[in-house]
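Listed below are the residues making up each chain.
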Amino acid sequence: MTTEQTPEHAPEQTPAPSTSPSPAPSTSQDAPARPLVHLARVNKHFGSLHVLRDIDLDVAKGEVVVVIGPSGSGKSTLCRAINRLETIDDGVIELDGKPLPAEGKELARLRSDVGMVFQSFNLFAHRSILENVTLGPIKVRKVKPKEAKEQAMALLERVGVASQADKMPAQLSGGQQQRVAIARALAMRPKVILFDEPTSALDPEMVNEVLDVMVALAKEGMTMIVVTHEMGFARKAADRVVFMSDGQIVEQADPESFFTNPQSGRARDFLGKILTH
């Protein structure tokens, strides 16, 4: 039956050609998946101020990365550089394997795959809530208006502001406007959404209504890079916490490891100041 049952003195035989398929060659499944967002040795200056220093960062599809650090550490500049709202001096930024060009139609095309939610909402003040959400899909994605409206209403329902669809942004609270901004970003069906301090302009009672939407998105598998000072969100929703100081990524780890056992003195000092209040 098997070679183990062949007598030891039997002459060695040349094995017959195997009829079973030979092992498949190594596939991409065996190798680490290509990161959705890739930054390598990214540098940025504002005059003599070196705000991003040799930044290396990979973000996988479906990963939630929360970037924290003291004021002036380069967090927001990093976020804005990922979709070229801030130009970089040197280095590489890739989205889904494609380098982000400096300008032109190709940049606009790639940028449409990167949603952005700003600190100050940045809604179009002269357009209704519904128009704010449908404008991008119609103009950029070439979605038919009827379909764009249906999708927009579903998204506004998802973030809890469907009843406000016909109002103007100024008629909504800050928390409602920020939820509209999230719906607007989702309407473009982006590959990744960047959040730049999305709750810092909100009154305290409005913060949780926005964070709840973000936590739900994280659970649904949306790729997110979130610059925030909300440590509770980082603990609850992040797959990885990235700590920045003085334009550098000082350390990164899963939330439990970072918050219970930070490795750098700068991170320990930062956490000691913010977690004691």
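Residues numbered from 1 in each chain as written. Predicted model: local features only at pLDDT ≥ 70, side-chain atom pairs only at ≥ 80, totals over all residues. Heavy atoms only, no water.

Draft legend 1. The sheet that holds strand 5 (residues 98–99), seen in detail. If you trace the four strands from one edge of the open sheet to the other, you get 2-1-4-5, paired in antiparallel fashion. In this open sheet, the two edge strands, each paired with only one partner strand, are strand 2 (49–59) and strand 5. In this sheet, strand 2 lies alongside strand 1 (residues 37–46) in antiparallel orientation, the contact comprising seven bridges. For valine 37, the partnering residue across the bridge sits in strand 2 and is valine 59. Against the sheet, helix 1 (residues 75–82) touches strand 1, strand 2 and strand 4 (90–95), its axis set at about 60° to strand 2. (Pairing = 2+ DSSP bridges. Helix = DSSP H or I, 4+ residues; strand = E, 2+ residues; numbered from the N terminus. Contact = heavy atoms within 4.5 Å. Axes fitted to C-alpha atoms, helices over the stretch in contact; angles between N-to-C directions.)

Draft legend 2. Summary view of the packing of helix 5 (residues 174–187) against helix 6 (residues 204–219). Direction vectors running N to C along helix 5 and helix 6 enclose 20°, while the axes themselves pass 8 Å from each other. Comparing their axes, helix 6 and helix 5 come out roughly parallel. Two packed elements cross with a definite hand, and for helix 5 against helix 6 that hand is right-handed. Across the interface between the two elements, Gly174, Gly175, Gln176, Gln178, Arg179, Ile182 and Leu186 of helix 5 pack against Met206, Glu209, Val210, Val213, Met214 and Leu217 of helix 6. Considering only residue class, the contact of helix 5 with helix 6 consists of seven nonpolar, four polar and two charged. (Parallel < 35°, antiparallel > 145°, perpendicular 65-115°, else oblique. Left-handed = near helix turned anticlockwise from the far one by under 90°. Nonpolar A, V, L, I, M, F, W, Y, C, P; charged D, E, K, R; others polar.)

Draft legend 3. Structural view of the pairing of strand 4. The pairing of strand 1 with strand 4 spans five bridges and is classified as antiparallel. By the bridge assignment, histidine 38 is partnered in strand 4 with glutamate 94. Note that strand 4 and strand 5 share two bridges and pair antiparallel. Bridge assignment links glutamate 94 to a residue of strand 5, and that residue is proline 99. Connecting the antiparallel pair strand 4 and strand 5 is a turn made up of two residues, with aspartate 96 showing a positive phi of about 55°.

Everything listed here is a matter of coordinates, which is why it stays silent on function.
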